[in-house]
Amino acid sequence: MKGVVFTLLTFMLFLFLFELVASLARSGSSIITPQEINKRLVNVFSNIAENIPSVVQVNITKNQGNLTISDVLPPTINISSSLQAFQNFINFSTPSDLNISFLNPSMQVVPITGLNPPFQILPFNINYTYPSNNWGKTQQLVYCPNASTCNNFSIHLNYIINQTFQCNPQNASNCTGVNSDGSNEFSWNPQPDNCAGGPPCINFTLSITDNQGHTYSCPNSLPGTVPCPFNSTSLSGNAATLQIAILQSSVCKFKFTLGGNIANAPLLQMRMLDNNNNTCGLVLSNTTFSFNTSSFYVSLPTYLRVLDLNSNTSKTDFIFK
Amino acid sequence: MKGFFFSIDALIAVGVALSFAALISVSTPSLQQFNEYYLFRTAQSSLAVMDADGTFSTVLNMTAFQAKPYLDIQLKQLLPPNVDGRVEVDVYSCSDSNCDNFTLNNRLFGQQVLSTTSNKVSVAQRVFAYPGSSWQNSYFEIVTIQTWFDNGGFA
């Protein structure tokens, strides 16, 4: 009889233990694991980081080895206000147990309005930026760290301007004028040398369209059009420089500079300025870098930190895409 | 006496086996966890594709009546045959010139019917910013996509 009782007690004890383990397994799903906290931090981080380009009127797309940066110069919005509004909305829409902050490279907290260019294309250390690294965007600037890096990619540029060319480049017979400074309507001085001296060189294509839909493009040798028989230029000596005259304006010019000695100068400079260096037109730009690898990313030199106040864990990283 | 020890021995063996089975069930991902992950990934991927093809900027100026059939189609074509879902787009604008506060302007949705309340629902959410030339025409969206198995069951 003792045996039976003892057997039953032991059996019940094991059943109890089993049920305990099973209930622990069931309740495990309601405990917030470190992985779930991390997933939440990553989600909020990417939520913010992926919006930053559109808040500064830039669109960045990657397609295998091609990186395209679409831009508006100068911006049609107040970018400081836009950044501040975005931060306010993030604070509004983020749960109160998460703290969002931006940090400069010295890891000091800065306001979101302290988030500045350049867009760094890494690991190549190519910088896509504007004068004084601010969002005024009066010019488009691309810096390359050295000639050997620039020699390894090509650049494809498409610009749309909100002004009218002095003449239609698709009708070359109308484009024979000479401006007061001695330049033509579409004037290269100096011209790209098509890599005459050998590498290092930068390969390029260029297309500029005005508000009448007239397009000047390089390389182009179509009969009847203003020719542009260039597709590359050396990374030494003087940079190839294009100047395009604007209709009914003796001072507003579209200016484009590429290549030359890049030790202390940008690889690319595009601006639409008058004689007083004020912007005199709006440019929508599409700049495509074609690399021979897809292993690259674009980053801003500001850290974003998302801190979970409950667990005191955080995700801190550069804002990148 | 022999029977007694035999019983004890057998019970201990059964107990060890049961504990071992319970331990395995705790430490290995269950089918339910796999299904939850599958639904979450489906919701996240749908959100990413709809972002890339411009769905959320397209509906920005739509009424709820205009947006519903559009969002229905956009979401349905992305979901696997055994998964249903709902997309909700809350459009906010600034309430003041500093954009310190926000007003819910519009709630748009595309919806499949959740047939039973027992369905496990997975959620993906993202914020989108559409800055304008002034605070009056700056908009923000909170997009939520919910997914669940249409049979209430499994992948």
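Since the model is a prediction, treat every value here as computed from it, not as a measurement.

1. Looking at the overall build of chain B
Phase 1 of the analysis: Within chain B, the regular secondary structure consists of four helices and four strands.
Phase 2 of the analysis: Shown N-terminal to C-terminal, the secondary structure of chain B runs as helices and strands in the order α-α-α-α-β-β-β-β.
Phase 3 of the analysis: Taken over 155 residues, chain B has a buried fraction of 39%.
Phase 4 of the analysis: Taking the contacts inside chain B whose residues are at least 6 apart along the sequence as the reference set, 65% of them involve residues at least 24 apart.
Phase 5 of the analysis: Accessible area of chain B: about 8,500 Å², with a carbon and sulfur share of 60%.

2. Digging into the packing of aromatic side chains
Phase 1 of the analysis: If you walk through the whole model with that rule in mind, you get 26 aromatic pairs over all chains.
Phase 2 of the analysis: Aromatic side chains A:Phe92 and B:Tyr92 sit 5.3 Å apart centroid to centroid with 75 degrees between the ring planes, which places their arrangement in the edge-to-face category. You can see A:Phe92 sitting in helix α4 (residues 79-93) and its partner B:Tyr92 sitting in strand β1 (residues 83-94), one on each of two chains.
Phase 3 of the analysis: A:Phe92 gets classed as partly exposed once you look at its relative accessible area, which sits at 41%.

3. Brief notes about the state of the cysteines
All names here are of chain A.
Phase 1 of the analysis: By the definition in use, this model includes six disulfides over all chains.
Phase 2 of the analysis: Note on cysteine connectivity: cysteine 195 is disulfide-linked to cysteine 201, with sulfurs 1.9 Å apart. Judged by the torsion about the S-S bond (80 degrees), the cysteine 195/cysteine 201 disulfide is right-handed.
Phase 3 of the analysis: Since its relative accessible area comes to 4%, cysteine 201 is described here as buried.
Phase 4 of the analysis: Shown here is the disulfide that connects cysteine 218 with cysteine 228, its sulfur atoms set 1.9 Å apart. Between cysteine 218 and cysteine 228, the S-S dihedral sits near 95 degrees, and the bridge is therefore right-handed. Separated by 10 residues along the polypeptide, cysteine 218 in strand β11 (residues 215-218) and cysteine 228 in the loop between β11 and β12 (232-234) bring together distant segments of the chain. The burial state of cysteine 218 is the same as that of cysteine 228; both residues are buried.
Phase 5 of the analysis: Here the bonded cysteines of chain A are numbered in sequence order, and their pairing is 1-2, 3-4, 5-6, 7-8, 9-10.

4. Here we look at the sheet that holds strand β2 (residues 102-111) of chain B
All names here are of chain B.
Phase 1 of the analysis: The sheet built from four strands is open, its strands ordered β2-β1-β4-β3 with antiparallel pairing. Pairing within the sheet leaves two strands with one partner each, and these edge strands are β2 and β3 (122-130). Going from strand to strand, the sheet's axes swing by 15 degrees on average, the running direction of each strand aside.
Phase 2 of the analysis: In this structure, β3 lies alongside strand β4 (residues 139-149), joined through nine bridges in antiparallel fashion. Bridged to alanine 129 within β4 is phenylalanine 140.
Phase 3 of the analysis: Here helix α4 (residues 64-76) sits on the sheet in contact with β1, β2 and β4, set at roughly 50 degrees to β2.

5. A word on the pattern of salt bridges
Phase 1 of the analysis: Following the criterion strictly, the structure yields 11 salt bridges over all chains and no others.
Phase 2 of the analysis: Residue A:Asp308 pairs with A:Arg40 through a salt bridge whose shortest N-O separation is 3.2 Å. Taken together, the positions of A:Asp308 in strand β17 (residues 297-308) and A:Arg40 in helix α2 (residues 34-49) put the pair 268 residues apart, joining distant regions of the chain.
Phase 3 of the analysis: For A:Asp308, a relative accessible area of 4% puts it in the buried group.
Phase 4 of the analysis: A relative accessible area of 29% means that A:Arg40 is categorised as partly exposed.
Phase 5 of the analysis: The closest approach of N and O atoms between B:Lys76 and B:Asp84, which form a salt bridge, is 2.8 Å.
Phase 6 of the analysis: For B:Lys76, a relative accessible area of 38% translates into the label partly exposed.

6. Quick notes on the layout of surface pockets
Phase 1 of the analysis: The calculated volume of the second largest pocket comes to roughly 930 Å³.
Phase 2 of the analysis: Taken together, 32 residues line the second largest pocket, and the ones lying closest to its centre are A:Glu50, A:Lys321, B:Asp51, B:Arg126 and B:Phe128.
Phase 3 of the analysis: Every element with two or more residues in the lining of the second largest pocket is listed here: α2, α3 (52-55) and β1 (58-63) of chain A together with α2 (31-52), α3 (55-58) and β3 of chain B.
Phase 4 of the analysis: It is α2(B) that contributes the most residues to the lining of the second largest pocket, seven residues altogether.

7. Quick look at empty space enclosed by the protein
Residues and elements named next belong to chain A.
Phase 1 of the analysis: Applying the stated rule across the entire model yields three cavities of 30 Å³ or more.
Phase 2 of the analysis: What the largest cavity holds in volume is close to 90 Å³.
Phase 3 of the analysis: Every residue lining the largest cavity is listed: Ala49, Glu50, Ile52, Pro53, Ile60, Phe119, Val298, Ser299, Leu300, Ile319, Phe320 and Lys321.
Phase 4 of the analysis: The leading source of residues in the lining of the largest cavity is β17, at three residues.
Phase 5 of the analysis: Class assignment for the residues of the lining of the largest cavity results in nine nonpolar, one polar and two charged.
Phase 6 of the analysis: Of the pockets and cavities examined, the second largest cavity occupies roughly 50 Å³.
Phase 7 of the analysis: Around the second largest cavity, the lining residues are Leu73, Pro74, Lys137, Thr138, Gln139, Gln140, Met270, Arg271, Met272, Thr279, Gly281 and Val283.
Phase 8 of the analysis: Of all the secondary structure elements, the ones that give two or more residues to the lining of the second largest cavity are β7 (139-143) and β15 (268-273).
Phase 9 of the analysis: Tallying contributions element by element places β15 first for the lining of the second largest cavity, with three residues.
Phase 10 of the analysis: Class assignment of the residues belonging to the lining of the second largest cavity gives a composition of five nonpolar, five polar and two charged.

Basis of the calculations
Residues numbered from 1 in each chain as written. Chains lettered and ligands numbered in written order. Predicted model: local features only at pLDDT ≥ 70, side-chain atom pairs only at ≥ 80, totals over all residues. Heavy atoms only, no water. Helix = DSSP H or I, 4+ residues; strand = E, 2+ residues; numbered from the N terminus. Buried < 20%, exposed > 50% of the residue type's maximum accessible area, 1.4 Å probe, protein only. Contact = heavy atoms within 4.5 Å. Areas by Shrake-Rupley, 256 points an atom, 1.4 Å probe, with all protein chains shown as cover. Phe/Tyr/Trp six-rings, centres within 6.5 Å; stacked < 30°, edge-to-face > 60°. Disulfide = S-S within 2.5 Å. Pairing = 2+ DSSP bridges. Axes fitted to C-alpha atoms, helices over the stretch in contact; angles between N-to-C directions. Salt bridge = Lys/Arg side-chain N within 4 Å of Asp/Glu carboxyl O. 1 Å grid on protein atoms, 1.4 Å probe; cavity = no way out; pocket = protein on both sides within 12 Å on 5 of 7 lines; lining within 4 Å. Points joined across faces, edges and corners; volume = space filled by probe spheres on them. Nonpolar A, V, L, I, M, F, W, Y, C, P; charged D, E, K, R; others polar.

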